[in-house]
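Chain by chain, the residues:
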Amino acid sequence: MITRYITNVSTAFSPFNARSGKTVRNFLALLPPNARSTMKIDVKMFGQKEAEKPASLGLKFKDGKEMDVDLEKMKLRDIQTEVDRHSRTLRRQEELAG
Amino acid sequence: MPPRLRLQPGHLVPASPSNTPYICQHCRHASLANATTPAPPLAHTNTTASAPAIARYPPTQPPSYKPPEFRKSQLHRQYQSLLRSSPLLLLFQHNNLKATEWTAIRRELTIALRKVDDDLAAQGEQAASSVANGAKLQIIQTGIFASALKVVDFWTPNFSPNAAAPQGLSAQAYRSATQNAKTQKHTPHRQSSLDPLLSGPLALLTLPEVSPLHLKAALTILAPSKAFPAPKRRVNPAYHEKPVQDGLAKLMLLGARVEGRIFDMEGVRGVGAIPGGLAGLRAQLVGMLGGVGAGVTGALEGMGRGLWVTMEGRRLQMEEEEKKGEAGDKQG
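Please read all numbers here as calculations on a predicted model, not as lab measurements. (Residues numbered from 1 in each chain as written. Chains lettered and ligands numbered in written order. Predicted model: local features only at pLDDT ≥ 70, side-chain atom pairs only at ≥ 80, totals over all residues. Heavy atoms only, no water.)

Enquirer: Just checking my understanding: could you explain the overall build of chain B for this structure?
Expert: Of the regular secondary structure elements, chain B holds 10 helices and five strands. When the accessible surface of chain B is split by element, carbon and sulfur atoms take 60% of a total near 21300 Å². (Helix = DSSP H or I, 4+ residues; strand = E, 2+ residues; numbered from the N terminus. Areas by Shrake-Rupley, 256 points an atom, 1.4 Å probe, with all protein chains shown as cover.)

And the structure:
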């Protein structure tokens, strides 16, 4: 996953939710070791009782685009594809600008 | 064009007198440890040089060159014993921590736990036990750990004297554990399980006994919150160094398993917040039981006392009436 163009990750989820919790946790595990110096990461975790509470994952990119991920429908691979798709356009713009 | 000389590898005479291949005894496949034929003594190798070499392993299962301590079977065994021997497990997710960050965090954790041990020893309690030496923060192989957890939770080994020694690693254990897990999943006491947590990169903090004081110390270091504030910079400057803080930002507390029961983050903090540790808990229990006793005596006594008060009141009233009556008679 291209994480160079992400500036902000904010998420709220319960790790006890087998679906959304896993997706968000795996997404966080994909961020590079120095992620906290290049982007703002805000993680809020719910407990076991709120496992069914809807989880949210919001991303912001360098060009200001905000992406709200629908965790009911999308899994990790889909999120990766979406992020990469936008990041590639940003990369191309950067290359063209020199 | 085929080669002019038709040489077959089997017909070639080896350069060295012994044609038995060298096999590292430490790297043999674990499952073949007993199945391999013992190496022939050195004196025989020269005489039987023409005889076909003894196959030491089946061709479909060549020896493993993985270091033995990282073999799946060994890890499975190790996790089972870990789950059985440590009553308090904290589960963390680690998001790409660097080696320096791990060492820094482990150092801070050990220092904090040792301090609790020293404090307890100074108070004269638990002088012999040392939780700090038994505590371990380690990265686990998630899938193998999940399997080991299932075996530990759902498989009851048969310890009858005439049966063979029970093996937690056996296929039979795995099968019965899987079956039991399926049937018992929806019973109420099994409702909360670690299953949703077991994915992704996980690390485990194990403590050899349930000690709320040590848990509190560990939580202040690893997952500081409002209830467990991190040590101040003046008190513990090493804690505020960059590697520690960077590492802790990437370490997420997911849940815990305390004596077989599953807790979430709030639950763990509840266990850690028990004042005075286990001794404090015992004192609380004694106080509560004493309170119940006092309440019962009070309630039982209350009935009698109420009756006595009513009767006494009635007696006084009647006496007064009598006096009044007597006074009336005298006047009349």
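On we go from here.
Enquirer: Help me understand the sheet that holds strand E1 (residues 88–94) of chain B in this model?
Expert: Hydrogen bonding along the main chain pairs the strands of a sheet, whether they run parallel or antiparallel. Residues and elements named next belong to chain B. Across the sheet, which stays open at both edges, the five strands sit in the order E2-E3-E1-E4-E5 with antiparallel pairing between neighbours. Bordering the open sheet on either side are strand E2 (136–140) and strand E5 (261–263), each of which pairs with just one other strand. The average angle at which neighbouring strand axes cross in this sheet is 25°, direction not considered. Relative to strand E3 (residues 202–207), E2 runs antiparallel, the two being bridged by five bridges. Residue pairing in the sheet places Lys136 in a bridge with Thr206 of E3. Taken strand by strand, helix H9 (residues 265–272) contacts E1, strand E4 (251–258) and E5, and its axis lies near 65° from that of E4. (Pairing = 2+ DSSP bridges. Axes fitted to C-alpha atoms, helices over the stretch in contact; angles between N-to-C directions. Contact = heavy atoms within 4.5 Å.)

Enquirer: Any chance you could explain the packing of aromatic side chains here in plain terms?
Expert: For any pair of aromatic rings, geometry is given as the distance between the ring centres together with the angle between the planes. Under the criterion given, the structure shown has one aromatic pair over all chains. Note on Tyr79 of chain B and Phe145 of chain B: the rings are 5.7 Å apart at their centroids and 75° apart in plane angle, and the pair reads as edge-to-face. Of this pair, Tyr79 of chain B sits in helix H2 (residues 72–85) while Phe145 of chain B is found in helix H5 (residues 142–154), placing the two residues 66 residues apart along the sequence. The same class applies to Tyr79 of chain B and to Phe145 of chain B, which are both buried. Positioned over the ring face of Phe46 of chain A is Lys53 of chain A, at 4.2 Å from the centre of the ring. (Phe/Tyr/Trp six-rings, centres within 6.5 Å; stacked < 30°, edge-to-face > 60°. Buried < 20%, exposed > 50% of the residue type's maximum accessible area, 1.4 Å probe, protein only. Lys NZ or Arg CZ within 6 Å of the ring centre and 35° of its normal.)

Enquirer: Please explain the pairing of E1 of chain B as it appears in this structure.
Expert: The side chains of a regular strand alternate between the sheet's two faces. All names here are of chain B. Of all seven residues in E1, seven are buried, a share of seventy percent or more. Here E1 shows a buried face lined by Leu88, Leu90, Phe92 and His94 and a second buried face lined by Leu89, Leu91 and Gln93. Two strands pair when backbone bridges link them, and E1 and E3 are joined in this way by six bridges, in the antiparallel orientation. Its bridge partner being in E3, Leu89 is matched across the sheet by Thr206. As paired strands, E1 and E4 are joined by seven bridges and run antiparallel to one another. By the bridge assignment for E4, Leu88 is matched with Val258.

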